[in-house]
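Inside the fold
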Amino acid sequence: MKKLLLCLATAAICAPSQAKLPLRIYSGDKDTVYSAEHTIVGVTLPGAHATIAGTEAKVYDHTGSFGAKIHLKKGRNKVKISAANGKQKADTTLNIFLADKRASSPAAAKEPKQETVFIGAITVATDSGAYLQYGPAGDRLGGSKMCFLDRDIRLTATGEIGALYKVRLSENRYAYLPKEYAHAVEGSAPASPVTTGSWSITRNDRTDRVCVGLPARLPYTYWTEDNDPSSLCIDLFGACDNSNWITQRSLDLGIIDRVDFRQVESDVYRIIIRLKSAYVWGFTVGYEGNTLCINVRHAPEVDGLKGLHVGLDAGHGGKYPGARSPSGLLEKDLNLDIILKLRDMLTKAGAKVTLTRDGDTGPSMTERKRILRDAGVDISVSVHNNSGGGALAAPGTAALYKHSFDRPLALAIARRLLELDVNLFGLVGNFNFSLNGPTDYPNMLVEGLFMSSLEEENLLADPEFRTRMARAIFLGLEDYMKAALTK
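The rules behind each value
Residues numbered from 1 in each chain as written. Predicted model: local features only at pLDDT ≥ 70, side-chain atom pairs only at ≥ 80, totals over all residues. Heavy atoms only, no water. Helix = DSSP H or I, 4+ residues; strand = E, 2+ residues; numbered from the N terminus. Buried < 20%, exposed > 50% of the residue type's maximum accessible area, 1.4 Å probe, protein only. Contact = heavy atoms within 4.5 Å. Areas by Shrake-Rupley, 256 points an atom, 1.4 Å probe, with all protein chains shown as cover. Lys, Arg positive; Asp, Glu negative; His and termini not counted. Charge placed at Lys NZ, Arg CZ, Asp CG, Glu CD. Pairing = 2+ DSSP bridges. 1 Å grid on protein atoms, 1.4 Å probe; cavity = no way out; pocket = protein on both sides within 12 Å on 5 of 7 lines; lining within 4 Å. Points joined across faces, edges and corners; volume = space filled by probe spheres on them. Nonpolar A, V, L, I, M, F, W, Y, C, P; charged D, E, K, R; others polar.

Right, let's talk about the overall build of the protein chain for a bit. Assigned secondary structure in the protein chain consists of 6 helices and 32 strands. Taken across its 487 residues, the protein chain has 51% of its residues classed as buried. Long-range pairs, those at least 24 residues apart, make up 70% of the contacts in the protein chain between residues at least 6 apart in sequence. Of the accessible surface of the protein chain, which amounts to about 22,800 Å², a share of 49% is contributed by carbon and sulfur atoms. Where the 59 positive side-chain charges of the protein chain centre and where its 54 negative ones centre are 6 Å apart.

Written out as structure tokens, the structure reads:
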């Protein structure tokens, strides 16, 4: 770790023993471009002076990165880049041709648009890890997820599109299920609608538990209301009410105030759980036999951060380096350094901490979620750093979350991050990242700064700034706990 911190502190360029000054062009050295506005980025020794096309460019003190936007004339341009540090000098010349607007080429053959192939009705059953998507589209984070599903839930698949089944949830509702988390089975899905049985509500050590009897495992979705975060809703598809007993077996529940139901469609049955608090501490939905059980976690019995069990995740690691900055900083190293600093602060405050990694390893998303779930954390934070956009911009920091009940946590940490005097890139909801998917505990993800930005890269290269960033996350957690435990 000492070697890692030394490399981070000195960025990627150390003072050379030879007379020649290091000078590397990171971007902007293309032979042919089509825009008169052109950005060039280089890297030299921190403390050196640099010029691009005769104009001095700021050399950042922690990284040696520098850059500037220049204006090209039509045709051939010779652009000289120079660096000097005392008697050490280096220069290079780029030959850049500014061409007319790129001529339109014959339309390339377009990828055929994927259409749903109707396969008739087949029955599929969910496997461990299954989830539903709203639609068939996707991006690098996959399709927009509705929720995760328990295993052995039978659904009728009416079509397929790429790697997805189109499945019927109810008479009027469809969703998409990844084929890798399902398998074809004999027989059919439960005839719709089935009738619900009796309910029971009990209090356990760490959870309140709502159980609804059913004759078969039915698909479901769950969410918390945006305008009423003290309500959990679970829709059961293919069910209608025949629950003539809703028995609460303890008068003093830990977090649930009361329960209710609505028959929102002829074959869609909504379970509504009203909480005593506006803050949700996590819940799980799944089956025991054919009984649907919703476990709602109590607020942790802690004194602020003291006694709180915090899960911390340093993004990337091992053979997955994440983003790389112009001067050569690796995101995986920055993420880990911030997380280890944060761990030490939390431990000093009396919190218990579980890490998904404490070295240069790269556990899978499934393994990271397993570590946090098996540890029984009360809350979790994942730390990443961003990349993209122009090198001369400073897009800023971001706090991201998936579920509406996680928004207060993301907001509390975002407010503290802005005290670092950086820009706000965004408070991002419905973020489809794997570690933000679980509802077992409040969680959020920090995108510290943009490593592709020269200004923000320089901040991240400073060990003191990374300490301040860890401190900002720590204070955000502290703020969240103060608010959550008083409401």
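After that view of the structure, there is still more to cover.
What follows is about the sheet that holds strand E8 (residues 88–98). One open sheet accounts for 5 strands, arranged E2-E8-E7-E4-E5; its pairing is mixed. Unpaired on one side and paired on the other, strand E2 (32–33) and strand E5 (55–57) mark the two borders of the sheet.

Inspection of the entire model under this criterion finds 2 cavities of 30 Å³ or more. Approximately 100 Å³ is the volume found for the largest cavity. The element that contributes the greatest number of residues to the lining of the largest cavity is strand E11 (residues 145–148), accounting for 4 residues. The residue inventory of the lining of the largest cavity, partitioned by class, reads 6 nonpolar, 5 polar and 2 charged. Taken as a whole, the second largest cavity encloses approximately 40 Å³ of empty space. If you trace the second largest cavity, you find it lined by Gly311, Asp313, Leu372, Ser380, Val381, Ser382, Leu435, Asn436, Asn443 and Met444. Listed by contribution, the elements that provide at least two residues to the lining of the second largest cavity are strand E27 (309–314), strand E29 (379–386) and strand E32 (443–450). Broken down by element, the residue count for the lining of the second largest cavity peaks at 3 residues, all from E29.

There is about 1,100 Å³ of room inside the largest pocket. Elements with a contribution of two residues or more to the lining of the largest pocket: E11, strand E19 (220–224), strand E25 (283–288), strand E26 (291–297) and helix H3 (365–375). For the lining of the largest pocket, the element with the most residues is E25, which contributes 6 residues. Of the residues assigned to the lining of the largest pocket, the class counts are 16 nonpolar, 10 polar and 11 charged. Space inside the second largest pocket adds up to approximately 520 Å³. For the second largest pocket, the lining is made up of 27 residues, of which Arg140, His316, His384, Phe433 and Glu447 are closest to its centre.

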